[in-house]
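Reading the structure
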Amino acid sequence: MAEPVVDTERRSGAITWAGLVTPDAAVAEEFYAAVLGWRFMSSSLLLDVPFDVRVATAGSVPVASIQQGIEELEFPAVWNAYFAVDDLDDAVARAKANGAIVLAEPFQVGGGEESAGSVAFLLDPNGAGFCLWQTPGDLAPVSRAEPGFITWTVLYADETLAGADFYAKTLGWQIDEPSPLDDYRLARLPDGSRVAAVRRLQEGQLPCWRTYFCVADLDAALMAAVTRGGTVLTPPSRIQDGRMFAIVADPSGARFGMMQAD
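Description of the structure in this document. Counting of residues starts from 1 at the beginning of each chain's written sequence and follows it residue by residue. Since the coordinates come from a predicted model, pLDDT governs what is reported: local features require at least 70, and pairs of side-chain atoms require 80 or more to be given and counted, while whole-chain, interface and lining totals use all residues. Values shown for side chains rest on all heavy atoms present in the structure; no hydrogens or waters enter the calculation.

Once that is clear, we can look at the pattern of salt bridges. Basic side-chain nitrogens of Lys or Arg form a salt bridge, by our definition, when they fall within 4 Å of a carboxyl oxygen of Asp or Glu. Per the counting criterion, the structure on display carries five salt bridges. For Lys-96, the salt bridge is made with Glu-105, and the minimal N-O distance between the two is 4.0 Å. Relative accessibility under 20% of the residue-type maximum defines a buried residue, over 50% an exposed one, and the middle range a partly exposed one, all with a 1.4 Å probe and only protein chains included. Look at Lys-96 and you get partly exposed, because its relative accessible area is 44%. Among the residues examined, Glu-105 registers a relative accessible area of 47% and is labelled partly exposed. We note a salt bridge from Arg-188 to Asp-176, for which the minimum N-O separation is 3.0 Å. A residue pair is termed long-range when its members are at least 10 positions apart, and Arg-188 in strand β11 (residues 185-188) and Asp-176 in the loop between β10 (174-175) and β11 qualify at twelve residues. Classification of Asp-176 by relative accessible area gives partly exposed; the value is 22%. The way it works is that DSSP assigns letters per residue, a run of H or I at least four long becomes a helix, a run of E at least two long becomes a strand, and they are numbered from the N terminus.

What follows deals with helix α2 (residues 88-97). Along an α-helix, residues three or four positions apart point the same way, because every turn accommodates 3.6 residues. Of all the positions in α2, only Leu-88, Ala-91, Val-92 and Ala-95 are classed as buried. An end-on view of α2 places all buried positions within 100° of arc, on one side of the element. Turned more than 90 degrees from where α2 packs its buried face, Asp-89 and Ala-97 sit exposed. Elements in contact with the buried residues of α2: β6 (101-108), β7 (118-123), β8 (129-134) and α3 (160-171). Between the side-chain oxygen of the N-cap and the backbone nitrogen of Asp-89 there are 3.3 Å, and the N-cap of α2 in question is Asp-87. One or two residues past the end of α2 sits Gly-99, with phi positive at roughly 105°. What the arc measures is the spread of directions leading from the helix axis to the C-beta atoms. Whether two residues are in contact is decided by their heavy atoms, any of which lying within 4.5 Å being enough. Polar contact is defined as a pair of N or O atoms within 3.5 Å, subject to the rule that within protein one atom must be able to donate a hydrogen and the other to accept it, and that residues adjacent in sequence are counted only when both atoms are side-chain atoms.

A few words on the packing of aromatic side chains. Only the six-membered ring of Trp is used, alongside the rings of Phe and Tyr, when aromatic pairs are assigned; centres must lie within 6.5 Å, and planes under 30 degrees apart are stacked while those over 60 apart are edge-to-face, with the rest tilted. Under the defined criterion, the tally for this structure stands at 24 aromatic pairs. Ring centres 6.0 Å apart and planes at 90° place the aromatic pair Trp-173 and Trp-209 in the edge-to-face group. Within this pair, whereas Trp-173 is found in the loop between α3 and β10, its partner Trp-209 is found in strand β13 (residues 208-215), the two being separated by 36 residues in sequence. Note on Trp-173: relative accessible area 4%, which makes it buried.

Pasting the structure below:
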């Protein structure tokens, strides 16, 4: 795994938000408050949406959201990755032309002067869900190697080149040559900065994006996760720069990663 992404400003093509859809939002809120140190506010205080979305903050900065899933649809608990775009309609048109399926056409979040921009939900040709978000100005938060923030994201795909190629054509990413050991590919923004990675699917795994959050103390975060009903899927391992990461499932089965801060 590469070093985590560290942004100081919103950039088109970069991950900018993570949204959890879960069958039990109350349990999820307690779990992530204990594990990631998040605090929560109602979406009505920030996004003015007609359904209740709990917005998580790292310090005073909104970084993620938790939404109660619709029981009748029986969707599994999942973290969705949101990527920033400058022109949502144009980005959705490119995604469709490149083989994506649009699950929700662009819609506005909030309204008037309080608008948080527009969002669309899609499935890439590999079957992984993702979101595109156009925000007014620099409203969207950014990835940081600081506790509570998104710090990295990985796409799991049947074939890494094809999976990466879709995002290169849709979001303007540049794709590195694969690792000779495991077909691991880094994706970069046009300025060369790392934005994501693509890995080959593991046996029994479905295509997905996996988001990693930064924590101050990985061991303590893992202990909190297990204590509150989570499961450690990948025990602490070391990345190239020496930092530790782990992969966890929350009590409803949503998978996410955690990475030790500097």
